[in-house]
Amino acid sequence: MPQDGSDPRAPAPPRKRARGLRAALGAAALGLGLLGAGAVALWRYAGTLPPLDLAGAESRSTVVLDRSGTLLRPFATADGRWRLPVTAEAVDPRYRAMLLAYEDRRFAAHPGIDPAAVLRAAGQWLTRGRIVSGASTLSMQVARLVEPRRERSLEAKLRQMVRAVTLERRLGKAGLLDLYLALAPYGGPLEGVRAASVAYFGREPVRLTAAQAALLVALPQSPETRRPDRFPERARAARDRVLAVAVARGILTAAEADAARAEPVPTARRPFPMLAAHAAEEAVAADPGAATIRLAIDGRLQERLEVLAAERAAAAGPDLSAAILVLDNRDGRVLAQVGSAGYLDPARRGAIDMTLAVRSPGSALKPFVYAMAFADGLAHPETLLEDRPARFSASYAPENFDLTFQGTVTARRALQLSLNVPAVELMDAVGPARFIARLRAAGAGIQLPRDAAPGLPVALGGLGITVTDLARLYAGLARGGAVPDLLRRADGAAAESRHRVAEPVAAWYVADILRGTPPPENALPNRIAYKTGTSYGYRDAWAAGFDRHATVVVWAGRPDGAAVPGLVGRTVAAPILFDAFARLGTEPEPVPQPRDALVVGTGSLPPPLRHLRREAAEAAGPALRIAYPPDGARIDLGLAADRHGAAEGGPGLALKALGGVPPLTWLVDGQPVVQTPRRRAEWAPGGAGFARISVLDATGASDSVSVRLE
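Summary of the structure given here. In this text the structure is predicted, and so the values were computed from the model without any measurement.

## Describing the packing of aromatic side chains
Tallied over the entire structure, the rule returns 8 aromatic pairs. Ring centres of Tyr370 and Phe374 lie 6.2 Å apart, and the angle between their planes is 65°; on these two criteria the pair is classed as edge-to-face. In this pair, Tyr370 and Phe374 both sit in helix α12 (residues 366–375), 4 residues apart, roughly one turn of the helix. Owing to a relative accessible area of 1%, Phe374 belongs among the buried residues under this scheme. Between the aromatic rings of Trp508 and Tyr509, the centroid separation amounts to 6.0 Å while the plane-to-plane angle is 55°, which identifies the pairing as tilted. A relative accessible area of 8% means that Trp508 is categorised as buried. One Lys or Arg, Lys173, reaches over the ring of Phe107 and ends 4.5 Å from the middle of that ring. Between Arg234 and the ring centre of Phe231, over which it is positioned, the NZ or CZ distance is 4.7 Å.

See the structure below:
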């Protein structure tokens, strides 16, 4: 109580009230005068400034994402900054609420400058003779980040105010907030809330805890002195001050804040993600101007396979690397691309993308030799082949990997056991030059040693091919012979296949055979169709496999091409292949059987297909060849019937051969359709499209043509 006994709660006398009112009005007038003068000064000062340039502020780190938008690998800006693209919608709502409550409560209402904060700061300056608070709004902070200046002066503050108003008018509130989220400093090369969230917490800012959000609000005020990786206690204290404000503003409950204070602050920076590092590098090189690139890669699968490759390469020996490529057979999308056993491992030369390196495939191309022989009518999966010592020239006498021979075996068994002599015999029948031409026509970049002419050794790996091209060829087998063009971008559209590596029936024959290949140790049989390969000198180990949905190719070896004793496809690459399929997360399904596939035993085959007899064919006189239709012909079915049908006693396409030893067996796409003692026959096509027409004589000689029926 006052000493005079008066009640302080009683109304003031009229004269005293009048003096208080005049003082308040005077202060208000002074404030308005200051604001008016300040506005005039700002208007005049704004006219002296050059136009605001946002080019530097708008630069961002290029980011490469997986098909679902998960970050695979970011790249620093040209000046070495980590500034990841981000918008307010991609940030935790509690972070946004804490930021505005702590930095700029009236952000939504002011035009870039907060008049109340300016008056408060001016009054403190006048009464105390120094700057106590800077009246800085979030908009002014963005202005300082856009045009960074070291000096702290009245002129610098006026410039920030002018630029803040300009930014508000140009970008609006949402755009200005996005710019702050992208530019705010977090210590060292980290700029923007997304880069800081990934570096300090290993997560995107949309999934922040309350403690993490508060720390990210506090750091930009003094990013170098509050860095948690250098000054964790200062960072904790600053975070806790933000949490206190969040409780006072009703953003968090007291219990939530207590739980957040108990959460430790990070004491080290995490490395930025580097999944699919090679694929990301190649994508950026192909599209250097893109800020965001979304690949078709499945990030989770990619991570699992990178771990698998690193573990298996380390177990296989020092300096070894491994590569894995996974394709979606439906459209050729690249689901995973593991280019090495560790991108940052110099001992394994991890920076080299081995999915693009040209290496010898060993026996991994044998299935395509068989596919050509099946399509040409030379053989069937149950045709008998001879696995015995044989000499194909004065200097070429192939042997099997184990230096033994199996005698007479079916083509199915010969391919499943990867026997060399039968493969070379079939290569001799289809022709090495024609075989190489078929692979190149399918889009594979085949390289021959020193540009040598194709010879029989190409059946056993005497050429060069990449993991990528081999995967495309095997995916072609899963797709009925149609080789896909690779889709590396998530926004890419699948195109109709332009290349073929086999006819549909022949492709299924090979797929059915390979599904029965004995699996590696401790693996289940009849799960996937697969083939292994080991290059000459134990330099490369391969395994390629597929089911209905996916194709996986594995390579292991030294990137420098040095020999590695014991590096065998079946023991090194095949186990990786089966583990990779297990990580796909789906149950393997076999390739569907075509309706016109001939599934019979050896004894039920037409006689010329029961046994491959090349020697008899060579001694049988004039060579067998198809006289009509010619290879590559486009045939109008109606005209063909008019011209040739009457001569053969009915409508259809005439088939004519020269030479050979009757009876002749005609096949279409690998399936017998006519057997006749004459050199002329007739076939009734089921409809338009491409067809592979073959003829065999009694000695096993054959000839084939491809035609288009219209």
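## Regarding empty space enclosed by the protein
Under the counting rule described, the total for this entry stands at 1 cavity of 30 Å³ or more. A volume near 40 Å³ is recorded for the largest cavity. If you trace the largest cavity, you find it lined by Arg312, Ala313, Ala316, Leu320, Ser321, Ala322, Ala556, Val572 and Ile576. Considering each element in turn, the lining of the largest cavity owes the most residues, 3 residues, to helix α11 (residues 299–316). Looking at side-chain class alone, the lining of the largest cavity contains 7 nonpolar, 1 polar and 1 charged residues.

## Some details on unusual backbone geometry
Of note, the bond from Tyr628 into Pro629 is cis; its omega dihedral lies within 30 degrees of zero at 0°. Tracing the backbone shows Pro629 in the loop between β15 (625–628) and β16 (634–635). Look at Arg349: it is not a glycine, yet its phi comes out positive at around 50°. With respect to the element layout, Arg349 can be found in the loop between β7 (334–338) and α12. With a phi angle near 70°, Asn522 is a residue other than glycine that sits in the positive phi range. Tracing the sequence through the fold places Asn522 in the loop between α17 (504–515) and β12 (529–534). Relative accessible area serves as the criterion here: at 78%, Asn522 is assigned to the exposed category.

## Points about the pattern of salt bridges
A full pass over the atoms with the stated rule returns 36 salt bridges. For Glu147, the salt bridge identified is with Arg163, shortest N-O distance 3.1 Å. One end of the pair, Glu147, is in the loop between α4 (138–146) and α5 (154–183); the other, Arg163, is in helix α5, with 16 residues separating them in the sequence. The two residues Glu147 and Arg163 agree in class, both being buried. One salt-bridge network, held together by shared partners, links Asp319, Arg349, Arg558 and Asp560.

## Quick notes on the nonpolar core
With 77 residues, the main nonpolar core has Tyr370, Phe435 and Leu473 as its most contacted residues. Element by element, the count of residues in this core is highest for α17, at 9 residues. Setting aside chain neighbours within four positions, we find Phe435 in contact with Leu365, Phe368, Val369, Met372, Met427 and Val458. Membership of the second largest hydrophobic core comes to 55 residues, among which are Leu52, Leu84, Leu99 and Ala246.

## A few points about the sheet that holds strand β17 (residues 653–658)
Taken in spatial order, the 3 strands make up an open sheet running β15-β17-β20, and their pairing is antiparallel. Each edge of the sheet is formed by a strand with only one pairing partner; in this case those strands are β15 and β20 (680–683). Across the sheet, the mean angle from the axis of one strand to that of its neighbour is 35°, orientation sign disregarded. In terms of strand pairing, β17 meets β20 through 4 bridges, oriented antiparallel. Among the inter-strand pairings, Ala654 is bridged to a residue of β20, identified as Glu682.

## Examining the packing of helix α2 (residues 93–103) against helix α8 (residues 232–248)
Between two packed helices, the angle of one axis relative to the other and the distance separating the axes together describe the packing. For the pair α2 and α8, the least separation of the axes is 9 Å and the interaxial angle reads 95°. When the axis of α2 is compared with that of α8, the two are roughly perpendicular. Of the residues in α8, those in contact with Met98, Ala101 and Tyr102 of α2 are Arg241, Val242, Val245 and Ala246. Grouping the amino acids of the contact of α2 with α8 by side-chain chemistry returns 6 nonpolar, no polar and 1 charged.

## Re helix α18 (residues 569–582)
Along its 14 residues, α18 runs 19 Å from first to last C-alpha, staying within 8% of the 20 Å computed at 1.5 Å per residue. Those residues of α18 hidden inside the fold are in contact with α11, β6 (321–328), β12, β13 (540–546) and β14 (550–557).

## Thoughts on the packing of α12 against helix α14 (residues 420–430)
Their axes nearest at 9 Å, the elements α12 and α14 cross at an angle of 50°. One element, α12, and the other, α14, form an angle in the oblique class. Here α12 and α14 pass one another in a crossing that is left-handed. When α12 is examined against α14, the residues Lys366, Val369, Tyr370, Met372 and Ala373 are found in contact with a partner set consisting of Asn420, Pro422, Ala423, Leu426, Met427 and Val430. Counted by class, the contact of α12 with α14 contains 9 nonpolar, 1 polar and 1 charged residues.

Cut-offs used in this document
Numbering of residues starts from 1 in each chain and follows the order in which that chain's sequence is written. Only residues with pLDDT of at least 70 are given local features in this predicted model, and only at 80 or more are side-chain atom pairs given and counted; all residues enter the totals for whole chains, interfaces and linings. The side-chain quantities take in all heavy atoms of the structure and omit both hydrogens and water. Working definition: rings of Phe, Tyr and Trp (its six-membered ring) pair if their centres are within 6.5 Å, and the pair is stacked with planes under 30 degrees apart, edge-to-face with planes over 60 apart, and tilted otherwise. The numbering of helices and of strands both runs from the N terminus, where a helix is a DSSP run of H or I of at least 4 residues and a strand a run of E of at least 2. Burial status follows relative accessibility: with a 1.4 Å probe on protein chains alone, a residue under 20% of its type maximum counts as buried, one over 50% as exposed, and anything between as partly exposed. Two conditions define a charge sitting above a ring: the NZ of Lys or the CZ of Arg must be within 6 Å of the ring centre, and it must be within 35 degrees of the ring normal. Here a cavity means grid points, on a 1 Å grid over the protein atoms only, where a 1.4 Å probe fits yet cannot get out; a pocket means an open set of points with protein on both sides within 12 Å along at least five of seven lines; lining residues are those with an atom within 4 Å of a point. Grid points are joined across faces, edges and corners, and a volume is the space filled by probe spheres set on the points. Residues were grouped as follows: Ala, Val, Leu, Ile, Met, Phe, Trp, Tyr, Cys and Pro as nonpolar; Asp, Glu, Lys and Arg as charged; and all remaining residues, including Gly, as polar. Criterion for a salt bridge: a side-chain nitrogen of Lys or Arg within 4 Å of a carboxyl oxygen of Asp or Glu. Among buried residues, those of type Ala, Val, Leu, Ile, Met, Phe, Trp, Tyr and Cys that are joined through side-chain atoms within 4.5 Å constitute a nonpolar core. Should any heavy atoms of two residues lie within 4.5 Å, those residues are considered in contact. Pairing between two strands requires that DSSP report at least two bridges joining them. Only the stretch in contact is used when fitting a helix axis, every axis being a line fitted to C-alpha atoms; angles between N-to-C directions are given from 0 to 180 degrees. Convention used here: angles under 35 degrees read as roughly parallel, angles over 145 as roughly antiparallel, angles from 65 to 115 as roughly perpendicular, and any remaining angle as oblique. By this rule the span expected of a helix is its residue count minus one, scaled by 1.5 Å. In this scheme the crossing of two helices becomes right-handed for a clockwise turn of the near helix relative to the far one and left-handed for an anticlockwise turn of less than a right angle.

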